[in-house]
Each structure stands twice: as C-alpha cells, then as structure tokens.
Amino acid sequence: MIGVERLNFAYKKGSPIFTNFDWAITPGDRWSIIGPSGCGKSTLLYLLAGLYFPLSGKINLNGYQKPGCRVSSGLILQDYGLLPWATALDNVSLGLRIQGLDKRKVLEIAQKWLSELGIDGVASHYPAELSGGQRQRVAIARTLCLEPRLLLMDEPFASLDALTREDMQNLILDLWKRLSSTMVLVTHNIEEAVFWGQKIMILNHPPNTAPIIMENPESGSLSYRHAADFVSRCKQLRELVEQKGWNGKSSYADSEEIKHE
Amino acid sequence: MSKKLVGLSVLTITIAWAVAAVIINSSILPTPWKTIHSFIIDLPQGLGWHILVSGWRILVSMAIATAIGVPLGLWLGQNRRWDRFAYPFIYTTYPIPKIALLPVIILFLGIGDSSKIFLISLILFFQVLVIVRDASRNIPSEYVLSLRSLGANKAQILKYVYMPACLPAVLTSLRLNVAIAIAVLYLAESFATNSGLGYYVMDTWQQLAYSRMYAGVLAMSLIGSLAFISLAYLEGRLCRWTQAGKQKQMA
C-alpha cells in the first residue's frame, strides 16, 4: 500500500498544512487531487516524492522508504523543470545519467522514450525551441525513463492550450494503461480531475486532516469526456467545491469553463 | 554578427587612419602600412616576446579570476546566510579603483609577473564574483527540484544546474571586461618593469620611434581582439541554448 499515515507538516514559521492526515492509495490507481490555491496539493506531492520531509508521521511507498529522494517515484512539474541548456535528448537522459548508467544504455533508453512519446524528431532541440506540448512530453519521457512505481504530476498541463491539454491527458491515460503504475495528478481544473481520476481527492484550506474522496469509477477511457456521466460528475464535483466555499478565495480559473456549458 | 561586417569595419578604420595620417603628414601619426611594416620587422626582435609576456599575464589573470570567482559566487548565491555576511564587504570594495593599489601591490609583490597578474586578477575577480553570485541567486528553484526528484545529489546539482546556468554570465563578464584588463595591464607594465607591451609602448615613445610605438598599440589591440573573439566563440559553442530561445522568438 502507498500513502501517508498520521502525517503532520508545516512550513517554517507557517501554520500547519497537514494534521494527522491519512491517505491510502492502492497500487495501480489513478488519482486526481483538487483544491484551492495554498491547500497543500503540491506539498503533498513533494512529500511523496521525498523532496519535503514530514514533521511526523509516515510516508509509505510500497514499503520502500528512505530519507531524501526516492527514484521509485517520478515527479512532473507544472513548468516542466526542463534544463534550458540541455537538448531534449539530454533532458530525457538526465535521470539515467544521475543514476550512473553507462552511456550506451542511457542513449538506448532515452531514444526509446523519445520515440515512444513521438518527440524523437526534436531530440537535438533545446526546450526554448519546443512547443508547450513537446516540452511536456520531454518532461514525461524524462520521468518515465526511470520507470517509477509512482508517477506524481503537479498541474502538468496548466500552461497548455485546451487542445494540447486534451492530447496530453489522452497520452497519460494511454501510458497508465500500458505501464500500470500508480499515477497522481494535481490539478485546478474540474474537468481534468474528473477525466483523469478513478478517485478524486478534494483538499480544503489548511490544516487538512481528513480528505474528501470522490469515487469516479467510470473514468479511464477517452470517450468518457463526451459521456453524460462525465458532465454530471463534473457538476457534482463543482457543487462540492462550491459548498467548501473556495470561490472568491482561490484562483479557481477553470470553474468559469463549467459555467459556460 | 557577419564576418563581412567585421571586415568592413576594420577596413573603414584603416582607411580613416590612413587618410588622417596622410593629411596630418607627421611622424607622430604614421600610416597603417608603416606601422604594419614596423610590426613585422620588430616581431622577431623583441615585440614577439613582449606580446607573449602580456598575453600570458592576461590569460593567467583570467584563469585565476574565474577559478576563484566562480566557486565563490556560486557559493554566496546559494548560501543566503554567508551572503548576508559577505556581500557588504563586496559592496564596499567593488567600486574601489583597484589600479590605485598598483604601487602598494608592487611594494608587496615586486615588479615581476606576480604584481601584474594579481592586479588584473583582482579586477576581473570582482566582475566574475558579482555576476556569478547574481546569476546563481536567480536560478529557478524548479530546476533544482526536478533534479532532486530524479535522485541527484549536491555535486550533481552543481554539475547539471548551477555550473551551466552561470556559464553564459561568466563568459559575458570576461568578454566585456577583457578591454579593462588590457588597459590595466598597459598601466601596470608601463610602471617599473622591462617586459610586456606596456613597457614596449612607453620605451618606444621615449625613443621617439613612433611607428614602433604604434606597432605596440596594434599588438595590444590584437591581443584584446583575440581574447574577445575567443570568448565570443566559446560562448557561442558552449551556450547555444541562449541563442535558441532568441531565434524562436524572432521566428
């Protein structure tokens, strides 16, 4: 089982973000996490990725626990985190080089993932020469090179246009089906949360103690986006969000999209 | 920058110089061809040696300034506590005209290579230190976070993030300050010494050998241009990514 037990966390000189927080993930699940700005969504991902340390409590990653970074988890950041001075190929192979693999193996794996994600044609391009979608594919390839058991995504598609975003959501869904890893997506977008998550965790203004979890078993296919269930689930999630009184307090940009429908 | 335009500007300056020399018609402004003639004649007879000495001093000074300035700048940029303590010292010593310390430096280090190298290194060191410190402070934290999430340790973060992020700043700083370094070298070499282009120019000036004096000035300009072009070439080779972004914006 992956998850956190009685997690306590606060930033230096800040009020608590999580207080005795419990969350259990079944391996292979797809999760969406949604909540207002500052609720601790990204913090939770960074804790799972081993980039932050809890004040107390336990973080479980299939029993694999060690201080510092866990390569068994992969993190994809909102702004991609690509190094601007490295080409797409160098960015993709970065994790493998850090792990100390020999050059031939590094190149072989990196090229495999570049072609898997359809970006082998831009292998020698720098991030500044790539489109938003291509950059995100490079970031995904870089993380997947390390075959993480747990893939954590922090608003990965926030800066993409609507069509590219859908394309990337489809890609990630396809990868999940093929790799059967556990994947957690933090998002601000209600539709994205519903399309992606078998389970949707709703966080509130901190401190968070018990998350609200919405089951969304119908998700998991590309056609779900056009199904009646999808619209009603979005409405349900939106109502839940409004009940929590986030509007006005949060930068809930995408709630506007729902209103227009 | 196109090579044709550079060639054209060199040609324009040479023509302007030649026209001025013909109009003034005085030994204090020899023509370019007379200067080049003196340069070629003098090259095996001492000028070559002075070029080597000055070039060596510039090269070693740049290496020392980089070797000390880069790690210290990186360290201060990343350690806010030490930076808070050290930066006021940099802030107060940075504007002091270091050339004024030349007599003091000569008293301590003598008239040989070490006093010149020390002075130029000191001037370049401050430029490199300040620019690297600022560049390293401004590195977006997501680069470090993403590397840590890939399992990188501190040395790997230094290798893959901090060093390449600061490289353009270091090369630009050296390129822009190479002219200052040569100006300082000229002053340092024209004072209590008997080697280097500064000495050669002053010596020929005192002998009223003006075309040879201009040959010395030409040699200093060539060293400056060579250093400038080499650094620009290195910048172009090692920091291609800085141009990649600009080209996309222009497209």
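Remember, it's a predicted structure, so these values are computed and weren't measured experimentally.

Caption draft 1: Seen up close, the overall build of chain A. Across its full length, chain A holds eight helices and nine strands. For chain A, the residues scored as buried account for 44% of the 261 residues in total. Residue pairs in contact within chain A that sit at least 24 positions apart in sequence constitute 68% of those at least 6 positions apart.

Caption draft 2: Local environment of the overall build of chain B. Summing up its helical and strand segments, chain B has 11 helices and zero strands in all. The helix and strand sequence of chain B, counted from the amino end, reads α-α-α-α-α-α-α-α-α-α-α. Residues counted as buried form 34% of the 251 residues belonging to chain B. Within chain B, contacts between residues separated by at least 24 positions form 74% of all contacts whose residues are at least 6 apart in sequence.

Caption draft 3: Representation of the confidence of the model for chain A. When the pLDDT values of chain A are averaged, the result is 83; 89% of them are 70 or greater. With pLDDT under 50 throughout, residues 65–70 of chain A is counted as low confidence; its partners more than four residues away or in other chains account for 12 contacts.

Caption draft 4: Fine view of the environment of Glu 218 of chain A. Residue and element names in this part refer to chain A. The residue Glu 218 is located in the loop between strand E9 (212–215) and helix H7 (228–243) in this model. With 14 C-beta atoms packed within 10 Å, Glu 218 lands in the partly exposed category. Sequence-wise, Glu 218 and Arg 233 are 15 residues apart; in three dimensions their C-alpha atoms are separated by 9.6 Å. With near-sequence residues (within four places) excluded, Glu 218 lies in contact with Tyr 224 and Asp 229.

Caption draft 5: Seen up close, the interface of chain B and chain A. The partner chain A presents 20 residues to the 17 residues of chain B that form the contact. Looking at the side of chain B that touches chain A, the elements with two or more residues in it are helix H7 (141–149), helix H8 (154–189) and helix H11 (240–250) of chain B. No other element matches H7 of chain B, which puts six residues into the side of chain B that touches chain A.

Caption draft 6: View of the domain arrangement of chain A. All names here are of chain A. Domain boundaries in chain A define domain 1 (27–54 + 62–72 + 150–260) and domain 2 (83–147). Between domain 1 and domain 2, the contact holds nine residues from the first and six residues from the second. Considering every element that reaches the side of domain 1 that touches domain 2, the biggest residue donor is helix H5 (residues 162–179), with three residues. Considered class by class, the residues forming the side of domain 1 that touches domain 2 number six nonpolar, two polar and one charged.

Caption draft 7: Layout of helix H2 (residues 32–42) of chain B. Residues and elements named next belong to chain B. Within H2, burial applies to Thr 35, Ser 38, Phe 39 and Asp 42. Projection of H2 onto a plane perpendicular to its axis shows the buried side chains occupying an angular sector of 105°, all on one side. Turned more than 90 degrees from where H2 packs its buried face, Trp 33 and Ile 40 sit exposed.

Caption draft 8: Inspection of the sheet that holds strand E7 (residues 182–187) of chain A at higher detail. Residue and element names in this part refer to chain A. Spatial ordering of the open sheet is given by E5-E6-E7-E3-E8-E9, a layout of six strands whose pairing is mixed. The outermost strands of the open sheet, each flanked by one partner alone, are strand E5 (73–76) and E9. Across the sheet, the axes of successive neighbouring strands diverge by a mean angle of 20°, strand direction being ignored. Here strand E3 (residues 30–34) pairs with E7 via five bridges, running parallel. The partner of Trp 31 across the bridge, within E7, is Val 184. The strands touched by helix H1 (residues 41–49) are E3, E5, strand E6 (150–154) and E7; relative to E6, the strand with the most contacts, the crossing angle is about 150°.

Caption draft 9: Representation of H1 of chain A in the model. The element H1 of chain A is largely enclosed, with a buried count of eight among its nine residues. Note on H1 of chain A: the residue one or two positions beyond its end, Gly 50 of chain A, has a positive phi of about 80°.

Caption draft 10: Representation of the sheet that holds strand E2 (residues 16–25) of chain A. All names here are of chain A. Ordered by their spatial adjacency, three strands build an open sheet running E2-E1-E4, and the pairing between neighbours is antiparallel. The sheet terminates laterally at E2 and strand E4 (56–61), the two strands that pair on one side only. Averaged over all pairs of adjacent strands, the angle between strand axes in this sheet comes to 15°, irrespective of strand direction. Alignment of strand E1 (residues 2–10) against E2, held across six bridges, turns out to be antiparallel. If you follow Gly 3 over to E2, its bridge partner there is Ala 24.

Caption draft 11: Representation of unusual backbone geometry in the model. With an omega dihedral of 5°, the bond running from Pro 206 of chain A to Pro 207 of chain A counts as a cis peptide bond. Of note, Pro 207 of chain A is situated in the loop between strand E8 (199–202) and E9. Of note in the backbone geometry, Asn 25 of chain B takes a positive phi value of approximately 50° without being a glycine. Owing to 8 C-beta atoms within 10 Å, Asn 25 of chain B belongs among the exposed residues under this scheme. The phi angle at Leu 208 of chain B is positive, at roughly 60°, despite the residue not being glycine.

Caption draft 12: Structural context of the environment of Leu 52 of chain B. All names here are of chain B. Inspection of the secondary structure puts Leu 52 in helix H3 (residues 47–78). For Leu 52, a count of 13 C-beta atoms within 10 Å gives the class partly exposed. Note: C-alpha distance between Leu 52 and Thr 35 (17 residues apart in sequence) is 19 Å.

Caption draft 13: Looking closely at the packing of H8 of chain B against helix H10 (residues 210–238) of chain B. Residue and element names in this part refer to chain B. Remark: H8 packs on H10, axes separated minimally by 9 Å, with the N-to-C direction vectors making an angle of 175°. When the interaxial angle is binned, H8 and H10 end up roughly antiparallel. Facing H8, whose interface residues are Leu 167, Pro 168, Leu 171, Thr 172, Leu 174, Arg 175, Val 178, Ala 179, Ile 182 and Tyr 186, H10 presents Met 220, Ile 223, Gly 224, Ala 227, Phe 228, Leu 231, Ala 232, Leu 234, Glu 235 and Leu 238. Residues belonging to the contact of H8 with H10 are distributed by class as follows: 16 nonpolar, two polar and two charged.

Thresholds, definitions, all that
- Residues numbered from 1 in each chain as written.
- Chains lettered and ligands numbered in written order.
- Predicted model: local features only at pLDDT ≥ 70, side-chain atom pairs only at ≥ 80, totals over all residues.
- Helix = DSSP H or I, 4+ residues; strand = E, 2+ residues; numbered from the N terminus.
- Buried ≥ 20, exposed ≤ 12 C-beta atoms within 10 Å, placed from the backbone.
- Contact = placed C-beta atoms within 7 Å.
- pLDDT = per-residue confidence, 0-100.
- Domains from an automatic or database assignment.
- Nonpolar A, V, L, I, M, F, W, Y, C, P; charged D, E, K, R; others polar.
- Arc of directions from axis to C-beta.
- Pairing = 2+ DSSP bridges.
- Axes fitted to C-alpha atoms, helices over the stretch in contact; angles between N-to-C directions.
- Parallel < 35°, antiparallel > 145°, perpendicular 65-115°, else oblique.

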